[in-house]
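Take a look at the letters that make up each chain.
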Amino acid sequence: MPPEARALLEEAIGVVCTQAKLDPKSSIAIDEMQARPNLPVAHPEAQAGAERAQKLLPIAKELVVSSLRRLVVDYNLDKSPRLQKRLQQAIARVNGVKRVRPDVESRDNASVYLSRPHVITFGTIFLAGLRSDEGMISVLAHELMHIADGDNDSLRVLVAAVGNKASELTGLDLQGQRGEEITCDLIGAMAARAYVASTPGYESIARRLARSVQHNCVEIDEGDEDHLSPRNTIRALLALHPVMVRELLNDREERAQPR
Ligand SMILES: [Zn+2]
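These notes cover the structure that comes with them. (Residues numbered from 1 in each chain as written. Predicted model: local features only at pLDDT ≥ 70, side-chain atom pairs only at ≥ 80, totals over all residues. Heavy atoms only, no water.)

**Section: the overall build of the chain**
- Check the secondary structure of the chain and you find eleven helices and three strands.
- In the chain, the succession of α and β elements from N to C terminus is α-α-α-α-β-β-β-α-α-α-α-α-α-α.
- On C-alpha atoms alone, the chain measures out to a radius of gyration of 17 Å, which is about the 18 Å that the 2.2 N^0.38 rule sets for 259 residues.
- Dimensions of the chain along its principal axes, counting C-alpha atoms only, are 50 × 40 × 40 Å.
- Burial status across the chain gives 52% buried among its 259 residues.
- Residue pairs at least 24 apart in sequence account for 71% of intrachain contacts in the chain once pairs closer than 6 positions are excluded.
- Carbon together with sulfur atoms contributes 52% to the accessible area of the chain, which is approximately 12200 Å² in total. (Helix = DSSP H or I, 4+ residues; strand = E, 2+ residues; numbered from the N terminus. Rg over C-alpha atoms; globule rule 2.2 N^0.38 Å. Buried < 20%, exposed > 50% of the residue type's maximum accessible area, 1.4 Å probe, protein only. Contact = heavy atoms within 4.5 Å. Areas by Shrake-Rupley, 256 points an atom, 1.4 Å probe, with all protein chains shown as cover.)

Here's what the structure looks like:
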């Protein structure tokens, strides 16, 4: 990445994590969620989160399908008949998801068990910590992208392309599962951005966009074999999405570029 682009990216991360402190609806950072005690399903904040998630699931599904189609075009994979067929099957899997299941033990995680592909299991701490529609749509879309990829990694061509591009831009290691995680995060950010564009309001654009990635504004920044560290996740994600970097910095939406 050229140094100027790198500097803008770091500045945009600053906007995201400053908003985390200023915005009353900001998402709680993952490390802060991890430190919290279990939250019962019946707790009002967990219940409010579960209702928000269930309410937004249909729109999140639509936005994942359109973002996924867009990404396939952006990575010049739309001419592959084999990928097109897999894409149709992936979309059918996304459309089959019906329900969010709140779960105390899942704490600050959300997951899909591919043996139960119609359900997203969502930790109650996580449900309570995502206090905005934008934050919730981003995480729902992340999980829906795992469902789209399915248990045979059927979108692996796309996932590898996204992972390779993020590696090239940032120098971070995005092999294997890490490539899938960053692709899910990218679809999450794209879905949240499309949601912001389609639901105009009085809140600042930068504030709303920041919510889509802000749970990664941690103090203790640790990754594992399958995941980049949270702050490097924001870095890789914004490297892949320069339009979002500009929108965060300028606090203004850009029109979709005609292709
Ligand atoms: Zn994931």
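**Details of the packing of aromatic side chains**
- All told, the structure shown has one aromatic pair when counted by the stated rule.
- Look at Phe122 and Phe126: their rings are 5.5 Å apart centre to centre, the planes differ by 50°, and that puts the pair in the tilted class. With respect to class, Phe122 is no different from Phe126; both count as buried. (Phe/Tyr/Trp six-rings, centres within 6.5 Å; stacked < 30°, edge-to-face > 60°.)

**Some details on helix α11 (residues 242-250)**
- Every buried residue belonging to α11 is among Met244, Val245, Glu247 and Leu248, and all of these are buried. Viewed along the axis of α11, the buried residues span an arc of 165°, placing them on a single side of the element.
- Against α1 (3-22), α8 (177-198), α9 (205-210) and α10 (230-240) lie the buried residues of α11.
- Looking one or two residues beyond α11, the residue adopting positive phi is Asp251, at roughly 55°. (Arc of directions from axis to C-beta.)

**Some details on the pairing of strand β3 (residues 119-123)**
- Among the five residues that make up β3, five are buried, leaving the element largely enclosed by the rest of the structure.
- The alternating pattern of β3 places Val119, Thr121 and Gly123 on one face and Ile120 and Phe122 on the opposite face, and all of these are buried.
- Pairing geometry for strand β1 (residues 99-103) and β3, over five bridges, is parallel. Across the sheet, residue Arg101 finds its bridge partner in β3, namely Thr121. (Pairing = 2+ DSSP bridges.)

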